[in-house]
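Summary of structural features
Chain by chain, the residues run as shown.
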Amino acid sequence: MSVASPARTPSPTATAELDRQLDRLVDAGFPTLAGITEDRLRTLAAPLREHLPAEPFVLVTSRELLAPERLVELARLRTKTGFTTMAADDLARFVPTADVELPDAPLYLLVDVDAGEETRNVRPDDALSTILGTGRTPLTLEEGLAVAVQHPEWLRERTCFQMLGSRAGDKRVTGVWVSKGAPRLGWCWGGNPHTWLGMASAAARIG
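Residues numbered from 1 in each chain as written. Predicted model: local features only at pLDDT ≥ 70, side-chain atom pairs only at ≥ 80, totals over all residues. Heavy atoms only, no water.

1. Some thoughts on the confidence of the model for the protein chain
Confidence in the prediction for the protein chain averages 93 pLDDT; 94% of positions are at 70 or higher. Between residues 3–8, whose pLDDT stays under 50, and residues either more than four places distant or in other chains, the model counts 15 contacts. (pLDDT = per-residue confidence, 0-100. Contact = heavy atoms within 4.5 Å.)

Structure (structure tokens):
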């Protein structure tokens, strides 16, 4: 679900949260990796300030700004840097599914993210219908990485998760979990359940 909520005066709490997430991207080195300035990053996020939701949100950066194999490097647990063994050309094959409508913007907000603890040990292909049936939307590859960048503690305190909103035309589903103490971007089969992987979803996208 992609929406552009009516412009309104943002709450101080929501504004502070957006600033916190922007600061986290800057501190992690996003502008340098993306080849833009810090000022440019904040300028791209400026339109979102008029549409900040009351619900918790996660700031998402598009693939056009930074590819997944580089974005995962910004997800860190303590001193461990996120990584992937998937090749860049393989990751490029994972694109949004027909069920997912993304905002046409370089940055947007993902509202009310749920890491999917209740869908652990459920086949990803089966969990998708449950997510869609509740009016929620599965996370894309980039959205899952955005959550890992902003909330790496979720990978330990809540649940590691998979992103059903991006597929490569085969039976694989990407996911983010902890490997050797670091966030890892990888994949699992869509027909295989895992006790340690949930299916992440969100209520809406704003951009």
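Moving on from the coordinates now.
2. As for helix 7 (residues 141–150)
Within helix 7, 10 of the 10 residues are buried, which leaves the element mostly enclosed by the surrounding structure. Among the residues making up helix 7, those that are buried are Leu141, Glu142, Glu143, Gly144, Leu145, Ala146, Val147, Ala148, Val149 and Gln150. (Buried < 20%, exposed > 50% of the residue type's maximum accessible area, 1.4 Å probe, protein only. Helix = DSSP H or I, 4+ residues; strand = E, 2+ residues; numbered from the N terminus.)

3. Considering the pattern of salt bridges
The tally for this structure, following the rule as stated, stands at 15 salt bridges. In this structure, Arg70 and Glu73 form a salt bridge, with 3.1 Å as the shortest nitrogen-oxygen distance. By relative accessible area, Arg70 is classed as partly exposed at 34%. Asp126 is paired through a salt bridge with Arg123; the nearest N and O atoms lie 2.8 Å apart. Using a relative accessible area of 38% as the deciding quantity, one classes Asp126 as partly exposed. Counted as one network, the salt bridges with shared partners bring together Asp90, Arg93, Asp170 and Arg172. (Salt bridge = Lys/Arg side-chain N within 4 Å of Asp/Glu carboxyl O.)

4. Digging into the nonpolar core
Core analysis: the largest hydrophobic core is formed by 54 residues, its most contacted members being Phe30, Leu59, Leu107, Leu109, Val113, Leu139 and Phe161. Non-local contacts of Leu107, meaning those with residues more than four positions away in its chain, are made with Leu22, Leu41, Leu44, Ala45, Leu48, Leu59, Val60, Thr61 and Leu65. (Core = buried A, V, L, I, M, F, W, Y, C linked by side-chain atoms within 4.5 Å.)

5. Digging into the side chain of Thr140
Within the element layout of this structure, Thr140 appears in the loop between strand 8 (137–138) and helix 7. Thr140 has contacts with Val100, Leu102, Tyr108, Met163, Gly165, Ser166 and Arg205, leaving out every residue within four places of it along the chain.

6. Notes on the state of the cysteines
Following the criterion strictly, the structure yields 0 disulfides and no others. With no disulfide of its own, Cys160 has Cys188 as its nearest cysteine by sulfur position, at a separation of 10 Å. Taking relative accessible area as the criterion, Cys160 reaches 10% and is therefore assigned buried. Given the relative accessible area of 10%, Cys188 is considered buried. (Disulfide = S-S within 2.5 Å.)

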